[in-house]
Amino acid sequence: CVMFPFYEVKYFNIQNKVIRFICTLGPITAFFRVSEAMFGFMPAHTVDSVSNTMIYIAVPVEVKFNNMGPMKSSWGDAKGNLIKFGAFMLLLGAYSSFLSDYS
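Keep in mind that what you see is a predicted model, and the values were worked out from it rather than measured.

In this section: the overall build of the chain. What the chain contains, in helices and strands, is 5 helices and 2 strands. Relative to its length of 103 residues, the chain is extended, with a C-alpha radius of gyration of 17 Å against a globular reference of 13 Å. Over its C-alpha atoms, taken along the principal directions, the chain stretches across nearly 55 × 35 × 20 Å. A buried classification covers 17% of the 103 residues belonging to the chain. Pairs at least 24 apart in sequence give 28% of the contacts found in the chain among residues at least 6 apart. The centroid of the 8 positive side-chain charges in the chain is displaced by 6 Å from the centroid of its 6 negative side-chain charges.

If you want it as structure tokens, here you go:
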């Protein structure tokens with residue numbers, strides 16, 4: 001399950017570095033979050049319950065917690081963040097395309 005994205009990239013012969021990065025982001029993030037938990041460096045409210053810990057480890061983006069659990073965001077915030085993420089991914093793809101060597 002953890003190695004599936006790496007085999008997927010190899011099986012489908014994905015060459016684009018940005019898409020390879022996106023495909024393998026989940027297992028790498030989960031590895032660092034689990035090592036963070038093993039050595040006791042998790043944020044304060046993530047250890048309050050098992051569900052908070054699972055949400056923190058499973059989601060590769062930053063999750064804000066309060067005393068009641070994960071904080072809810074509005075649809076406007078989600079839409080704005082998604083647009084910003086898409087714009088930065090396009091910019092990163094363009095930089096990657098311009099700066100890579102074509103041999």
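Residue placement: Met 38 occurs in helix H3 (residues 25-38). Here the alpha-carbon distance between Met 38 and Ala 87, two residues 49 residues apart in the chain, equals 35 Å.

Relative to the helices and strands, Leu 92 is located in helix H5 (residues 75-99). Residue Leu 92 is classed as partly exposed on the basis of its relative accessible area of 40%. For the pair Leu 92 and Val 18, spaced 74 residues apart in sequence, the C-alpha to C-alpha distance is 7.5 Å.

Take the side chain of Thr 29 next. Residue placement: Thr 29 occurs in helix H3. Looking at Thr 29, its side chain comes within polar contact range of the main-chain oxygen of Leu 25, at 2.8 Å.

Even without being a glycine, Asn 13 presents a positive backbone phi close to 55°. By the element assignment, Asn 13 lies in the loop between helix H1 (4-11) and helix H2 (17-23).

A separate point is the packing of aromatic side chains. Under the definition given, this model contains 2 aromatic pairs. A centroid spacing of 5.0 Å and a plane angle of 80° characterise the contact between Tyr 11 and Phe 12, whose relative ring orientation is edge-to-face. Across the pair, Phe 12 and Tyr 11 agree in class, each one exposed. Ring centres of Phe 31 and Phe 32 lie 5.3 Å apart, and the angle between their planes is 65°; on these two criteria the pair is classed as edge-to-face. What makes Phe 31 exposed here is its relative accessible area of 55%. The class of Phe 32 is exposed, set by a relative accessible area of 52%.

The rules behind the values
- Residues numbered from 1 in each chain as written.
- Predicted model: local features only at pLDDT ≥ 70, side-chain atom pairs only at ≥ 80, totals over all residues.
- Heavy atoms only, no water.
- Helix = DSSP H or I, 4+ residues; strand = E, 2+ residues; numbered from the N terminus.
- Rg over C-alpha atoms; globule rule 2.2 N^0.38 Å.
- Buried < 20%, exposed > 50% of the residue type's maximum accessible area, 1.4 Å probe, protein only.
- Contact = heavy atoms within 4.5 Å.
- Lys, Arg positive; Asp, Glu negative; His and termini not counted.
- Charge placed at Lys NZ, Arg CZ, Asp CG, Glu CD.
- Polar contact = N/O pair within 3.5 Å; in protein donor to acceptor, adjacent residues only side chain to side chain.
- Phe/Tyr/Trp six-rings, centres within 6.5 Å; stacked < 30°, edge-to-face > 60°.

Geometric descriptors of this kind do not, in isolation, establish any biological role.
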